[in-house]
Every structure is written in C-alpha cells, then in structure tokens.
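Below are the chains, spelled out letter by letter.
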Amino acid sequence: MSRDDRASEREFFRRIADGRLTPGEFAEFEQRLLSDSELRKRYVRAMNLEANLYESFNGPVDESSLHAHPRGSWRPLWMTMSVIGAVLTTAAVLFVGFLWRPQSAPVPPESAPVQTGMVAAPFRKPEPVAVVTQVRGIDVPASTGLRPGTSVEPGILKIPQGEVQIEFLNGAQLNLAGPAELHIFSVEAATLVAGRAAVRIPKGARGFILNTPDAAIIDLGTEFTASVGESGTSEVHVVDGEVEVSLLGDDGNTLTSRRLLENKSLRVRHEPIGLEDIAPPSSSLPAIHEQKSSPLVATGKYVDAVRAAQPLIYWRFENLVDGRVPNEVGPQWSAVIHADPDDESGIVIRDGVARFTPTLTQIHRIEADQPIAGLNREDFTIEFWATVDYFHWATFVAVIPDEDREIDRHLNLIEFPYQSALIYSPGSFRFLHRDPPGENGGINLFSNGGCTPGFWHHIAVVKTLTELKLYLDGRLVRRLAETFEPDDSAYRFNVGSLDTNRVDRALAGAIDELAVYMHALSDDEILAHYRAQRATDERP
C-alpha cells in the first residue's frame, strides 16, 4: 500500500469514527471488512487507538501537532496495537454483523451439526491504568480533564512544557517533563517517545517496563530517569537501585542488554549497535515529587455536624494530653500512640493530623485506651478522613475482639488493599465484616476505585443487624443486605496497622477527624458531613 493509499484509508477510518459514512458506503465497507483479514486488522488498530484517545483525554489528538519521529519511534506502539488487533479481529466482525444483521434470520434445522468455535466479546471501554497525582507549570484547559485525580486509560499523553506526574495502579510512579510524549499501554508498560521522564518503583511494583524508541528499561527495584532526544537517541540514568537496559531490534527482541547500577548512565546506540557508558547528566533531570498531603483543616461546620450526631469517640488529633489524643466528646476512649514519640518514621501528631510512616521492624499504631463494650450489639458507624502517600496495602482501622491477645481475629477491617489475591478494581477502599470475628473469610465491600494518593478522602462504614454500607466522599458506593448476629463482646479499636502483632499492611499516609457512633448514620447525614467540609464537591 502506497503512502497516499494509507493516508486515504486513515481519512476513511476517521469518517467512520465520526459517523460520516453514507449507508451505501458502509455497506460496501462491510463486505470488504468481512473478506479482507488485513483490512480488519488495520481497522481494529485504528478504531482502538481512536477510542483510547477520545475516552482517555476527552478529545481527539491533533495529528498535525505530532512531530516527526526518528526511525523506529512508532514501532513499540504499533507492535502493541497489532497484538490488540489480532485479539479483537473476530470481535470487530461479529460486532459489525450484529449491528447491521437482518431483523430475522433463518433458524437452522435441528439436525444441523453443532459448530465448534469461539464467540469474541464485544468492544468495551478500556480500564484505567493510572491516575494523575500532580500537574506543574502547565495551563491545562478544563476540557482535557488533565488534573490531579484524573483517571488515565491507555493512550497518548503529550505536554508542551511543565510536568505531569502519574501513578500507575501497580504502584509505579512516573513524572513526565515537557516537551514530551508518552504512550501508555498498561499498568506495567509505557513508551517515552520524546522528552524526559523519571520513574520510581516502590517495593511490590517491580517489573514495570519503560520503553524508548529503540530500547526497553526493565525495573529491578529502583528509581531512574530516561530521555529521548530529537534524533531519537535514548539515555538512561539510575538514581537508586538498578535496571536492565535492552537495545531492541526491528523485530522487538533484545539485540544486546546491560544491567545498569546506581549513579551510572548510558546511551543507546543503534549504529553501531551498543550501549555506551556516559558521564551522569549535568543538566537538571526530572524527579519524582513526594505525595504527602497537606494537613486537613476541618471546618467549624464539619466539627459541629459530627458533634451533633453524638459520636461515642471523636479523635481530632489537634493536640496531645499526657501523651494521648483526647476524646473530644467524653473522658473515656482517648487514643494511645504505640510508637516512639521522637521517631519521625513512626507516628507523628502534627498540624492537626496523625501521620503514619511505617518501618519493616516496628509496629506503629494508635489504639483506644480501653475496649468498646457492646460495639457489635446492634448498629454502629465509623467515619474518618484519610490519605495514602502511594499505592500500597494499608490498614486504616482494625476492630479486634478484646479476648484475642496472641492471635488477632477481626470483626472489621477498613483498608486500602493492594496486590492481594482478592478480586477488586485497583485503587479501591475495602470494608470487611466478619460475623463471627475470625482470621479469614467474611464479607467484603469495595469502593470500585476512587483513591488518589496525596488527596484526602472521606470514608464512612455503617453496620446494622440487616445490612452493610460503604461510603466514599459522601456517596453510598456499596450496600449489601444481610442478617448478622449481635453480640455483647468488647472490641479493641486499632488505627494504622493490621493488628498488634504484625508489621505488614501498615499505613503510609495520614488520618484525621475519626469518629465512632453507636448507631447508624443515614445517607443524608454522611453526605451532609462531607459537604460541611467540602462546600463544593472537590473530589479529584
């Protein structure tokens, strides 16, 4: 196919996407699509890319603004799209046939042999793979939706200047410095086509791959930067840890590779083939910006609304009295901090919030100074504001039977799960209720996404004798009707850690304005509390 033919075909596909074909033109195209497998592949690739761009960035990409790329710069994108096209080819044909098939079709005779085959699923909207966490130095039109909290689906991210930091749902963090262009494929892979990027891979997210036009940078637990110049030459610098850098051939496979260690740099050469050691870059490199949130300043209206709802416990973390956080509504159930008060890597009460920084050896937690008797006798509500510093498995609240001292069973867990064996949408909050309390099992309610690292979220859970509810930012996001048995047991109230014996699933983030009610708050009350703090809906 000549260059003019390809341009004509692209324009034809664009007319399809815009709905500008006449019925006659589409009927003719349908017949060509059914008989030409190569055309089907090209069509699926084009439509999939078009859908990704429209859905991810709320508008079409202006192709006239794409700069001319060096040889091989589009290869990683189209190699990936060809795989997607191969999988979706059958779906495209069936999808077209379904939309334009006759209203009635002959029924095959009962004696007709059963045909072996596979029916492909119809097209579906791509799932988010990352979330925008920071935007710096860019005047972003509101129509693009490119702001902190924006979900990012597979597609192309271009910025003329400034920086955009995103966090993939597997925990990998990437800061793109403009002018730059990044092609995002999945939670584990992206291609830097032009510009500069910094990547940090926290523990548990190892395996992220950043491609450049002629290379693949495979994380081995690290922080590194990569750049692609106007000529297409790639350079890599390791800030911390190590990476494996592969120079790729035209078939997409490794020609040669090198393991690159901390504070080392190299340049990828295609002619002659090689990976050349270079001095660390002297120019400024992009860096990953920390995601620790600003303090949450509770409004007087919010505090009054909580007090009016008559909580049993209300911890505001405004000050310490004899080393404890006082209960704002009574003399009992003050919060005891189980951490070294002089250790900045533990729990710090400052600026009106409780900030948690976990370690691998110390159990840092906050616990009510005495158990709550009869918490599960009838109804209760737990409400608080929380933020996470990055995607990780974090426990906000654990409710534990008081008689358990050696093995911690749970009545409730309110968590931010991460890379667990459970099935849920990445970036979700979790409310687990176990009836009776146990070490495993129970009923889970997930928020179906919604978390942005570095942002404060309002979380509330309600348990009654007949239902469970989970609220996120004032909205009821999950409800389950079920019958539960009451009990008169006493329960320990633990914040920031899974239990009193294990250091895993500790919170890296902050909690504020925590309240426990011995009754069920209504939908309207929880929404009113959220709006008392957020006068306008400021959800990311």
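Structural notes, computed from the coordinates.

About the criteria used
- Residues numbered from 1 in each chain as written.
- Predicted model: local features only at pLDDT ≥ 70, side-chain atom pairs only at ≥ 80, totals over all residues.
- Heavy atoms only, no water.
- Helix = DSSP H or I, 4+ residues; strand = E, 2+ residues; numbered from the N terminus.
- Buried < 20%, exposed > 50% of the residue type's maximum accessible area, 1.4 Å probe, protein only.
- Contact = heavy atoms within 4.5 Å.
- Arc of directions from axis to C-beta.
- Core = buried A, V, L, I, M, F, W, Y, C linked by side-chain atoms within 4.5 Å.
- Pairing = 2+ DSSP bridges.
- Salt bridge = Lys/Arg side-chain N within 4 Å of Asp/Glu carboxyl O.
- Phe/Tyr/Trp six-rings, centres within 6.5 Å; stacked < 30°, edge-to-face > 60°.
- Axes fitted to C-alpha atoms, helices over the stretch in contact; angles between N-to-C directions.
- Parallel < 35°, antiparallel > 145°, perpendicular 65-115°, else oblique.
- Left-handed = near helix turned anticlockwise from the far one by under 90°.
- Nonpolar A, V, L, I, M, F, W, Y, C, P; charged D, E, K, R; others polar.

As for the overall build of the protein
Part 1 of the reasoning: Tallying secondary structure elements over the protein gives six helices and 29 strands in all.
Part 2 of the reasoning: Among the 540 residues that make up the protein, the fraction classed as buried is 49%.
Part 3 of the reasoning: By sequence separation, contacts in the protein at least 24 residues apart represent 60% of the contacts at least 6 residues apart.

As for the environment of D473
Part 1 of the reasoning: Note on placement: D473 falls in the loop between β26 (467-472) and β27 (475-481).
Part 2 of the reasoning: By relative accessible area, which is 4% here, D473 ends up buried.
Part 3 of the reasoning: Taking the C-alpha atoms as reference points, D473 and I526, 53 residues apart in sequence, are found 8.9 Å from one another.

Comments concerning helix α6 (residues 523-533)
Part 1 of the reasoning: Of the residues making up α6, those classed as buried are I526, H529, Y530, A532 and Q533. For α6, the angular spread of the buried residues around the axis is 160°, confining them to a single face. Relative to its buried face, α6 has exposed residues pointing more than 90 degrees away, namely D524 and R531.
Part 2 of the reasoning: Its buried side turned inward, α6 meets α5 (300-308), β20 (380-388), β25 (457-463), β26 and β29 (509-517).

Quick look at unusual backbone geometry
Part 1 of the reasoning: Between G178 and P179 the backbone carries a cis peptide bond, its omega angle lying at 0°.
Part 2 of the reasoning: Inspection of the secondary structure assignment puts P179 in strand β5 (residues 173-186).
Part 3 of the reasoning: Of note, the amide linkage connecting D435 to P436 takes the cis form, showing an omega dihedral of 0°.
Part 4 of the reasoning: Secondary-structure assignment places P436 in strand β23 (residues 430-438).
Part 5 of the reasoning: At Q310, a position not held by glycine, the phi torsion is positive, near 60°.
Part 6 of the reasoning: Locating Q310 in the fold gives a position in the loop between α5 and β13 (313-315).

Comments concerning the side chain of N211
Part 1 of the reasoning: Tracing the chain through its elements places N211 in strand β7 (residues 209-212).
Part 2 of the reasoning: Apart from residues no more than four positions distant in its own chain, N211 is found in contact with A190, T191, L192, A216 and L248.

A short note on the nonpolar core
Part 1 of the reasoning: Ranked by internal contacts, the top residues of the largest apolar core, which has 48 residues, are W315, I366, F396, V397, F493 and L514.
Part 2 of the reasoning: With five residues, the single largest contributor to this core is β20.
Part 3 of the reasoning: Ignoring any residue separated from it by four or fewer positions in sequence, one finds V397 in contact with I382, F384, N412, L413, I414, F493, N494, V495 and L514.
Part 4 of the reasoning: Grouped together as the second largest cluster of nonpolar side chains are 38 residues, A130, A172, L174 and V268 included.

Some points on the pairing of strand β12 (residues 273-278)
Part 1 of the reasoning: Note: strand β11 (residues 265-270) against β12, six bridges, orientation antiparallel. For V268, the partnering residue across the bridge sits in β12 and is L275.

Some points on the pattern of salt bridges
Part 1 of the reasoning: Taken as a whole and assessed by the stated rule, the structure comprises 22 salt bridges.
Part 2 of the reasoning: Here R267 and E235 are joined by a salt bridge, their closest N and O atoms 2.9 Å apart. A residue pair is termed long-range when its members are at least 10 positions apart, and R267 in strand β11 and E235 in strand β9 (residues 234-248) qualify at 32 residues.
Part 3 of the reasoning: A relative accessible area of 22% means that E235 is categorised as partly exposed.
Part 4 of the reasoning: With a shortest N-O distance of 2.5 Å, R479 and E467 are connected by a salt bridge. One end of the pair, R479, is in strand β27; the other, E467, is in strand β26, with 12 residues separating them in the sequence.
Part 5 of the reasoning: Via salt bridges that share partners, E235, R267, R269 and E276 belong to a single interconnected network.

Section: the packing of aromatic side chains
Part 1 of the reasoning: By the definition in use, this model includes 10 aromatic pairs.
Part 2 of the reasoning: Aromatic pair F168 and F208: ring centres 4.9 Å apart, planes at 55°, arrangement tilted. Remark: F208 occurs in the loop between β6 (189-200) and β7 and F168 occurs in strand β4 (residues 163-168); sequence separation between them is 40 residues. With respect to burial, F168 and F208 carry one shared label: buried.
Part 3 of the reasoning: Seen from their ring centres, F384 and F396 are 5.8 Å apart, and the 50° between their planes marks the pair as tilted. Of this pair, F384 sits in strand β20 while F396 sits in strand β21 (residues 394-401), placing them 12 residues apart in sequence.
Part 4 of the reasoning: With relative accessibility at 0%, the residue F396 sits in the buried group.
Part 5 of the reasoning: An aromatic cluster of three or more residues is present, and its members are F384, F391, F396, F416 and F429.

Notes on α5
Part 1 of the reasoning: Looking at α5, one finds that the buried residues are Y302, V303 and V306. In an axial view of α5, the angular spread of the buried residues amounts to 100°, which keeps them on one side of the axis. Away from the buried face of α5 by more than 90 degrees, exposed residues K301, D304 and A308 are located.
Part 2 of the reasoning: In this fold, the buried residues of α5 make contact with β13, β20, β25, β29 and α6.
Part 3 of the reasoning: Downstream of α5 by a residue or two, Q310 has a phi angle that is positive, lying close to 60°.

So, the packing of α5 against α6
To characterise two packed helices, one gives the angle between the axes of the helices and the distance between these axes.
Part 1 of the reasoning: Here α5 crosses α6 at 155°, and the two axes come no closer than 7 Å. With respect to α6, the axis of α5 lies roughly antiparallel. In the packing of α5 onto α6, the handedness of the crossing is left-handed. Counting all contacts with α5, which are made through K301, Y302, A305 and V306, the residues of α6 involved are H529, A532 and Q533.
Part 2 of the reasoning: Considering only residue class, the contact of α5 with α6 consists of four nonpolar, two polar and one charged.

Here we look at the environment of I156
Part 1 of the reasoning: Within the fold, I156 resides in strand β3 (residues 155-159).
Part 2 of the reasoning: Separated by 25 residues in sequence, I156 and E181 have C-alpha atoms that sit 7.1 Å apart.

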